[in-house]
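Okay, here's what each chain looks like letter by letter:
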Amino acid sequence: MSPPEAPETGSTVEEKQADTPPYVTIVLPCYNEQDHVVAEVERICKAMDHSEYTYELVAVDDCSTDETLNRLREAAPRFPHMRVRAFHRNGGSGTVRRIGTQEARGEIVVWTDADMSYPNERIPELIDVLHKDAAIDQVVGARTSEEGSHKLLRVPAKWFIRKVAERLAGQKIPDLNSGLRAFRKSVSRPYLRLLPPGFSCVTTITLAFLSNQHGVYYMPIEYSKRAGKSKFGFVSDAYRYILQVLRMVMYFNPLKVLMPPALGLTMIGFGKGVYDVLHYGFYLTSNAVVTFLSGMLIGSVALLADLIVRSRND
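Keep in mind it's a predicted model, so treat the numbers as computed, not measured.

Cut-offs used in this document
- Residues numbered from 1 in each chain as written.
- Predicted model: local features only at pLDDT ≥ 70, side-chain atom pairs only at ≥ 80, totals over all residues.
- Heavy atoms only, no water.
- Helix = DSSP H or I, 4+ residues; strand = E, 2+ residues; numbered from the N terminus.
- Expected span 1.5 Å × (residues − 1).
- Buried < 20%, exposed > 50% of the residue type's maximum accessible area, 1.4 Å probe, protein only.
- Arc of directions from axis to C-beta.
- Phe/Tyr/Trp six-rings, centres within 6.5 Å; stacked < 30°, edge-to-face > 60°.
- Lys NZ or Arg CZ within 6 Å of the ring centre and 35° of its normal.
- Pairing = 2+ DSSP bridges.
- Axes fitted to C-alpha atoms, helices over the stretch in contact; angles between N-to-C directions.
- Parallel < 35°, antiparallel > 145°, perpendicular 65-115°, else oblique.
- Left-handed = near helix turned anticlockwise from the far one by under 90°.
- Contact = heavy atoms within 4.5 Å.
- Nonpolar A, V, L, I, M, F, W, Y, C, P; charged D, E, K, R; others polar.
- Salt bridge = Lys/Arg side-chain N within 4 Å of Asp/Glu carboxyl O.
- Core = buried A, V, L, I, M, F, W, Y, C linked by side-chain atoms within 4.5 Å.

K.L.:
Where do I start with helix α2 (residues 37–49) in this structure?
P.N.:
The end-to-end C-alpha distance of α2, which contains 13 residues, comes to 18 Å, matching closely the 18 Å that a straight helix rising 1.5 Å per residue would cover. Among all positions of α2, only Val37, Glu40, Val41, Ile44, Cys45, Ala47 and Met48 are buried. Projected down its long axis, α2 shows its buried positions confined to an angular sector of 160°, all on one face.

This is the structure in structure tokens:
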């Protein structure tokens, strides 16, 4: 006769529910946001509590020099879905978003900012799109206005960078570097190692999805003037943006970057060679030879880079 079964032991219903991974992980980088970070957390949690989705809010203090971390820890008991994480040195918003995404428990990951500039009460709307349409892998909050610092310089610079990105990516991009977006963690995983530490991480994740033919949907949003002091440096960050655009397209489709100058130099060199032959009696000048060979060399590098990309198993 077999012994009687022991009574079932283990977690309570509440503990089992707590162990169940949430559907959504919201990654919130926080750096010197002491005056408004709790208000932002409250706005996000209120919106998500009224939605149908289970969630966790990962608030990451990026080694703030003010009271941001203390404010988050004091507010934590009020927000049971919030997890506070503290960095011991400043890593940049890209590092925060990369690590937050890698550690996310949710199937859907949301990136946003803690500076009150994005309409975070609309986060459930971004998630709705992903939840209802399996063909879409990322939803970007496309800003309909520009309220950032250095506005007179940022607007034309961002327009130029966006047009370069559209040309290289081969499709229209309403907002290249919006900080509010939601995407599928499983799709983003191969691209996380490409994220730079700074602001251009949002540009990177946009181009990574577009260049690899993942569905990206743009949802128009309002953009407000940020609270607190901007961390955006116009010259340095604009340079990083355009460099990152070229780097990402080179990573996925180097022919679009290298082949136009290669063909251009080759044609110029060839045309100059024909001109030299006709005017100097079959004598080729050195600049015609150098220009033609430069185009051929760049074209060879482009084809080699394309071969490497196509043989890579990402």
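K.L.:
When you look at the packing of aromatic side chains in this model, what are you seeing that I'm missing?
P.N.:
Given two aromatic rings, their pairing is described by the distance between the two centres and the angle made by the two planes. Under the counting rule described, the total for this entry stands at eight aromatic pairs. A network of ring pairs unites the aromatic residues Trp111, Phe183, Tyr191, Phe209, Tyr251 and Phe252 as a single cluster. The side chain of Arg143 reaches across the aromatic face of Tyr223, ending 5.0 Å from its centre.

K.L.:
Where do I start with the sheet that holds strand β3 (residues 82–86) in this structure?
P.N.:
Two pairing modes exist for strands in a sheet, parallel and antiparallel, and in both the strands are linked by backbone hydrogen bonds. Taken together, the seven strands give an open sheet; going across it, the order is β3-β2-β1-β4-β6-β5-β7, and neighbouring strands pair in mixed fashion. This sheet does not close on itself; its edge strands, each paired only once, are β3 and β7 (216–221). When strand polarity is set aside, the average angle formed by the axes of neighbouring strands in this sheet is 20°. Note that strand β5 (residues 138–143) and β7 share six bridges and pair parallel. Residue pairing for β7: Val139 is matched across the bridge by Tyr217.

K.L.:
Honestly, unusual backbone geometry in this entry has me stumped. Any pointers?
P.N.:
Across the chain, the bulk of peptide bonds are trans and the bulk of non-glycine residues have phi less than zero. The backbone phi angle of Cys63 is positive, close to 55°, even though this residue is not glycine. Structurally, Cys63 is set in the loop between β2 (55–61) and α3 (68–75). On the accessibility criterion, Cys63 (28% relative accessible area) is partly exposed. Phi is positive for Met116, close to 70°, though the residue is something other than glycine. By the element assignment, Met116 lies in the loop between β4 (108–111) and α5 (123–132). Its relative accessible area of 26% is what places Met116 among the partly exposed residues.

K.L.:
It is not clear to me how the pairing of β5 should be interpreted in this structure. Could you clarify?
P.N.:
Successive residues of a regular strand alternate their side chains across the two faces of the sheet. Counting buried residues in β5 gives six out of six residues, a clear majority hidden from the surface. Sheet topology note: the β5/strand β6 (residues 181–184) ladder contains three bridges and is antiparallel. Paired with Val139 across the bridge in β6 is Ala182.

K.L.:
Would you take a moment to explain the packing of α2 against α3 for this structure?
P.N.:
Between two packed helices, the angle of one axis relative to the other and the distance separating the axes together describe the packing. One way to put it is that α2 packs onto α3 with a least axis distance of 9 Å and a crossing angle of 40°. By the angle class used here, α2 and α3 are oblique. The handedness of the crossing between α2 and α3 is right-handed. On α3, the residues touching Val37, Val38 and Val41 of α2 are Thr68, Arg71, Leu72 and Ala75. Here the residues of the contact of α2 with α3 are counted per class, giving five nonpolar, one polar and one charged.

K.L.:
Explain α5 to me, please; I cannot follow it from the model alone.
P.N.:
Within α5, burial applies to Ile123, Pro124, Leu126, Ile127, Val129 and Leu130. The elements touched by buried residues of α5 are β1 (24–30), α2, β4, β5, β6 and β7.

K.L.:
Where do I start with the pattern of salt bridges in this structure?
P.N.:
Pairing between side chains becomes possible if they bear opposite charge and their charged atoms approach one another. Inspection of every chain in the model, using the stated rule, returns 13 salt bridges. The shortest N-O distance in the salt bridge between Arg85 and Glu103 comes to 2.9 Å. Of this pair, Arg85 sits in strand β3 while Glu103 is found in the loop between α4 (93–102) and β4, placing the two residues 18 residues apart along the sequence. Looking at Glu103, the relative accessible area reads 34%, which means it is partly exposed. Residue Glu125 pairs with Arg122 through a salt bridge whose shortest N-O separation is 3.1 Å. Accessibility expressed as a relative area gives 35% for Glu125, which makes it partly exposed. Overlapping salt bridges, with partners in common, bring together Glu40, Arg43 and Glu121 in one network.

K.L.:
Is there a simple way to explain the nonpolar core in this structure?
P.N.:
Looking at soluble globular proteins, one finds that nonpolar side chains tend to be buried together. Trp111, Ile173 and Leu207 are the most contacted members of the largest nonpolar core, which totals 41 residues. Element by element, the count of residues in this core is highest for helix α8 (residues 201–211), at seven residues. When near neighbours in sequence (up to four residues on either side) are disregarded, Leu207 contacts Ala165, Ala169, Ile173, Leu176, Val245 and Met248.

K.L.:
Looking at this model, I keep getting lost on the environment of Arg89. Mind explaining?
P.N.:
Locating Arg89 in the fold gives a position in the loop between β3 and α4. Accessibility expressed as a relative area gives 64% for Arg89, which makes it exposed. Put simply, Arg89 and Asp62 are 27 residues apart on the chain and 6.9 Å apart in space, counted from C-alpha to C-alpha. In contact with Arg89, not counting residues within four places along its chain, are Asp62 and Cys63.

Worth remembering: the numbers are spatial, not functional.
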